[in-house]
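If you want the building blocks of each chain, they are given just below.
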Amino acid sequence: MRCFGGGAPAVSPGCCPGTGSAQSAGYLGAGREEGVVNRRAAPRPGGALPQRAPPPPVGQAPVAEASALPIELYYDRGNHHEFVSLVKDLARPGEVTQSQAFDFEFTHVEKPYESYTGQNVKLRYFLRATISRRLNDVVKEMDIVVHTLSTYPELNSSIKMEVGIEDCLHIEFEYNKSKYHLKDVIVGKIYFLLVRIKIKHMEIDIIKRETTGTGPNVYHENDTIAKYEIMDGAPVRGESIPIRLFLAGYELTPTMRDINKKFSVRYYLNLVLIDDEERRYFKQQEVVLWRKGDIVRKSMSHQAAIASQRFEGTTPLGEARTPGPLSDGGSRQ
Amino acid sequence: MSDTAVADTRRLNSKPQDLTDAYGPPSNFLEIDIFNPQTVGVGRARFTTYEVRMRTNLPIFKLKESCVRRRYSDFEWLKNELERDSKIVVPPLPGKALKRQLPFRGDEGIFEESFIEERRQGLEQFINKIAGHPLAQNERCLHMFLQEEAIDRNYVPGKGLGEKDY
């Protein structure tokens, strides 16, 4: 690794990309954006992401300085809030007359949250290379997508409830879990206890609610991600309607609660019954979504691989782990 | 809990359905027909009444069959009562047809057959929509409209069937 100019970061000899872990898995879309996926699941010793800065344009005016920094940024309808920012100088002021490559490295970058692009809020990680010049700077940004990975929660009870309208409609609904991973299947059933209305059909909707702002300026954005018909026709008392809804087909993110005290993203299952006169009867129920890590380490035994995935944080193996938002109290050692 | 490669998508266990429930009549039977329009009275004091026949097996209605005669203004009364007392969005009635009540028309005005038929259909749609609404079924005015001989415009509005002479 060559480094130009004084003050450039030293490079640890043990660092090389691609050994077994989940860094730089290539281009992946989170939402519809492209970026390099940087998985929090696999901390590496000296885990750096050596990269090449884009070559500056040739033949420009004298360069003041060049710098690169990873930034984690939160947008809220025009207000930017940076929550982590690291800067490394790459070059001293001077002139650039031909293509040059500058290597750099950021070790142990804090990536506490998952990247998210929503209707009122955007959380992004990116590298920004800046060439400061007298009149105008040259800036190039490259987005990095960060995913937060979790493992199977220890406690995952089913959701079972009896709801209805007095003397009119009574149903008992059941979903097999309360926490689902993003490629999971919702298995459930609806049991009709009393039907005194003429039902035309029944569907399940997945609703995403993004909550931004604090205090009096709280905004909720509801988005129906999916509508899935589970029954067509009029049921009678005693009938059971099965539910099998595959989540992998929909664009979902994990449940995010109070990220940086700024926003939340929560998911709800909405069971809707529609009668002959287009009246809608519904019951909304929150479910927790989490992202399952799917990288398998070839260098470890299967057991060790599972054990190493059982954490929720960037702490490497052997250090104390703090329970993340999805676990139900226990943290494994 | 070990990672499973394929999710378990088997159905949840459910109680088998009782056969009398499966093959018996559904407990949501409610049909209201509006038919047999008749114009009563003479000259300026004429008006049209319609027969409102209801058949149901819903327990909330006292009578399983009823037949009453109502005129357009009775429907208007019902609509106003429901709009005032309940939180329902009440469906629209067929038009009042004020233009048809002006003199010097070429046709029979509001007693024209085609108009009466149009109005009959609109009233039938209206009453079926209303009567099937769970919140409207709680209102005294609806039960009085459908099942009592005459509408007592001085009634006490309320939920539930209220006092009745047994």
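Here is what the cut-offs are and how they apply
Counting from 1, residues in each chain are numbered in the order their sequence is written. To read the labels, note that chains go from A and ligands from 1, taken in the order they are written. Selection of residues for local features in this predicted model requires a pLDDT of at least 70, selection of side-chain atom pairs for listing and counting requires 80 or more, and totals for whole chains, interfaces and linings are taken over all residues. Heavy atoms throughout the structure, all of them, feed into the side-chain values; hydrogens and water do not. Runs of E in the DSSP output that reach at least two residues are strands. Runs of H or I that reach at least four are helices, and both are numbered from the N terminus. Each residue is placed in one exposure class: buried if its accessible area under a 1.4 Å probe, protein chains only, is under 20% of its type's maximum, exposed if it is over 50%, and partly exposed if it falls in between. Contact criterion: two residues are considered in contact whenever any of their non-hydrogen atoms come within 4.5 Å of each other. Only the protein chains shown count as cover for residues, and the accessible areas themselves come from Shrake-Rupley with a 1.4 Å probe. Summed over both partners, buried area is the accessible surface (1.4 Å probe) that two parts give up on being assembled. Whenever a carboxyl oxygen of Asp or Glu lies within 4 Å of a side-chain nitrogen of Lys or Arg, that contact is scored as a salt bridge. Whenever a nitrogen or oxygen atom comes within 3.5 Å of another N or O atom, the pair is scored as a polar contact, on the condition that within protein one atom can donate a hydrogen and the other can accept it, and that pairs from neighbouring residues in sequence are kept only if both atoms are in side chains. Under the scheme applied, nonpolar residues are Ala, Val, Leu, Ile, Met, Phe, Trp, Tyr, Cys and Pro; charged residues are Asp, Glu, Lys and Arg; polar residues are all the others, including Gly. Each domain's limits were defined by an automated method or a database of domain assignments. Summary of the metric used: pLDDT quantifies the predictor's per-residue confidence within the range 0 to 100.

Draft legend 1. The overall build of chain A, seen in detail. Counting secondary structure elements, chain A contains one helix and 20 strands. Relative to its 333 residues, chain A shows a buried fraction of 47%. Across chain A, the fraction of contacts at a sequence separation of at least 24, relative to all contacts at a separation of at least 6, is 63%. Split by element, the accessible area of chain A, about 17000 Å² in all, is 50% carbon and sulfur.

Draft legend 2. Quick look at the interface of chain A and chain B. In this assembly, 29 residues from chain A lie in contact with 26 residues from chain B. Surface buried jointly by chain A and chain B totals about 2500 Å² across both partners, of which 54% is contributed by carbon and sulfur atoms. With a shortest N-O distance of 3.0 Å, Asp 21 of chain B and Arg 237 of chain A are connected by a salt bridge. At the surface where chain A touches chain B, the tally comes to nine residue pairs in polar contact (both at pLDDT 80 or more). Listing elements by their share of the side of chain A that touches chain B, those giving two or more residues are β14 (185–195) and β17 (240–246) of chain A. Tallying contributions element by element places β14 of chain A first for the side of chain A that touches chain B, with six residues. For the side of chain A that touches chain B, a count of residues per class yields 12 nonpolar, five polar and 12 charged.

Draft legend 3. Here's a closer look at the domain arrangement of chain A. Residue and element names in this part refer to chain A. Per the domain assignment, the segments making up chain A are domain 1 (59–94 + 108–144) and domain 2 (159–290). Distance between the C-alpha centres of domain 1 and domain 2: 40 Å. The interface of domain 1 with domain 2 comprises 13 residues on the first partner and 13 residues on the second. Together, the buried faces of domain 1 and domain 2 total about 1200 Å²; carbon and sulfur atoms form 57% of this surface.

Draft legend 4. Molecular detail of the confidence of the model for chain A. All names here are of chain A. Considering every residue of chain A, the mean pLDDT works out to 73; 65% of them sit at 70 or more. The model gives residues 1–65 a pLDDT under 50, and that stretch makes 156 contacts with residues more than four places away or in other chains. When the criterion is pLDDT under 50, residues 310–333 qualifies, and its contacts beyond four places in sequence or with other chains add up to 47 contacts.

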